[in-house]
Amino acid sequence: MNGLSTWASALVSAVDADNLTHPEACCRDARTPHALAGAPTAVLDHVALAYEDFQRCGALPLSRLRSDAVAHRLTVHEDGENILVARMVVPGGPWPGHYGLEAVAFTAERAVMPDAFPPCEDRGQVLAFGRIVAASKAYTARASGGAVLFPEQLAVTARSARQSFGVVFLDRLTALFRDRVLPLIDDRHEGMHAFPLRKLRQLAFLAHEWGHRQGSGAELAVPARGRRLAAVIAELRADLEALVMLETCSEAWAPWAAGVLVADRIAREAWLRRPQAQVDAIAARHLLALLLRHRAVTLTSGHRIVLHLDQATVFLHEELKTVRRVAEELSAGEAGAVARYLAGCGWAITDGATCYRELEQPIARYLGYQASMKETARA
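Residues numbered from 1 in each chain as written. Predicted model: local features only at pLDDT ≥ 70, side-chain atom pairs only at ≥ 80, totals over all residues. Heavy atoms only, no water.

A look at the confidence of the model for the protein
Atomic detail in the predicted coordinates should be set aside for any region of low pLDDT. In plain terms, the rule: As a per-residue measure, pLDDT tells how confident the predictor is, with possible values from 0 to 100. Only DSSP runs of H or I covering at least 4 residues are called helices, and only runs of E covering at least 2 are called strands; the numbering of each starts at the N terminus.
In the predicted model, the protein carries a mean pLDDT of 89, and 90% of its residues have values of at least 70. Mean pLDDT across the elements of the protein bottoms out in helix H9 (residues 222-225) (54) and peaks in helix H3 (residues 44-56) (97).

This is how it looks when you write it as structure tokens:
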């Protein structure tokens with residue numbers, strides 16, 4: 001591990017320096033490909049993929065680097081060391097002009113569904129929980145907090161039909177929840193503290209992933225996730241499937257895991273930068289609007305949010321049925337199904353995919369204000 005950490009720190013410094021270089025500098029002249037030399041044996045296959053991308057784009061400027069080799073062929077070493085070096089294209093970069101060259105060194109272990117969840121097919125999906133060893137500044141400064149790595153985040157010339165890797169940095173997700181969400185939750189949710197927060201965040205994420213796997217195989221394909229409205233309905237379905245499943249789960253932690261899933265959505269992800277263009281933000285705002293409509297979230301006099309998911313059982317089931325129908329229509333070729341559904345719920349959609357909706361309820365305005373204050377403090 002020390003060998004990876006020392007080498008990765010030097011690599012990350014090169015990436016950070018390249019991100020401050022004029023984006024028209026050539027890939028072959030960048031510091032990053034030279035810093036790939038001397039890598040630990042355990043990550044030589046990952047380094048080879050990154051080097052292949054730089055070699056192929058050698059005469060092109062860094063702003064046009066394409067990470068096809070990494071996106072299509074990287075295989076995560078479970079219970080081992082990993083390195084990803086690629087250009088990312090996630091909306092809301094950390095500073096003006098940033099063009100997304102990133103490096104993340106991490107260890108990983110396979111993500112396994114709890115026995116308490118109903119069985120589901122893995123459908124070839126690859127998912128691991130990772131722990132960051134070193135990462136470029138821009139990656140960890142992202143609005144999402146650098147919490148996940150998926151191939152659809154990378155700049156490529158063509159999308160693969162399958163997901164070659166998926167990494168969730170659970171410690172990052174837990175820290176984001178602890179710092180940005182937990183202070184906004186009312187003390188009556190104190191039962192949440194009966195379970196380790198990291199465990200609850202893990203269970204909430206796995207429940208959401210379980211929800212994804214209830215959809216069709218087409219919904220899970222990488223190209224489908226690249227179509228914003230299709231991805232939005234998939235996220236909504238995953239949330240609702242997870243909440244309905246957790247409602248019937250007999251484990252004592254189930255209601256608290258559901259609360260963590262919902263609270264993270266409405267208090268953090270609904271307020272990501274450029275929310276009109278980010279799938280998670282659109283899905284989260286929609287969920288918040290649904291909860292507010294059915295009075296399943298309230299604000300105390302002490303300005304803390306209270307979730308009433310036990311009172312929202314009927315509406316969650318009904319909304320899930322609706323979202324399932326929309327997903328089925330989309331799979332059957334009804335391209336406008338999602339837009340019609342969202343427009344009927346109060347969304348304004350421009351350019352076929354950019355979604356606008358301002359939530360004027362006091363709770364929403366309060367949550368938005370708190371998120372903006374935390375974002376300002378981080379900057």
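Structural notes on the pairing of strand E2 (residues 101-110)
Consecutive side chains along a regular strand alternate between the two faces of the sheet. This is how it is decided: Only protein chains enter the calculation, and the probe is 1.4 Å; a residue is then buried if its accessible area is under 20% of its type maximum, exposed if over 50%, and partly exposed in between. Paired strands, as defined in this entry, are two strands with at least two bridges between them according to DSSP.
Burial within E2 is extensive, with 8 of its 10 residues counted as buried. Judged from the 8 bridges that link them, strand E1 (residues 80-87) and E2 form a sheet pairing that is antiparallel. Residue pairing for E2: Arg87 is matched across the bridge by Leu101. Strand direction decides the pairing type here: E2 and strand E3 (residues 128-135), joined by 7 bridges, are antiparallel. Paired with Ala105 across the strands is Ala134, a residue of E3.

A closer look at the side chain of Glu319
Inclusion rule: When charges are counted, neither His nor the chain ends are considered; positive counts come from Lys and Arg and negative counts from Asp and Glu. Salt bridges are identified by distance alone: a Lys or Arg side-chain nitrogen within 4 Å of an Asp or Glu carboxyl oxygen. Under the rule applied, a polar contact is a pair of N or O atoms within 3.5 Å (in protein, one hydrogen donor and one hydrogen acceptor; residues adjacent in sequence only if both atoms are side-chain atoms). Any two residues having at least one pair of non-hydrogen atoms within 4.5 Å are treated as being in contact.
Within the secondary structure, Glu319 sits in helix H13 (residues 313-331). Buried and unpaired, Glu319 has Arg293 as its nearest opposite-charge partner, separated by 4.6 Å. A polar atom in the side chain of Glu319 sits 2.6 Å from the side chain of Tyr341. When sequence neighbours within four positions are dropped, the list of residues in contact with Glu319 reads Leu240, His286, Leu290 and Tyr341.

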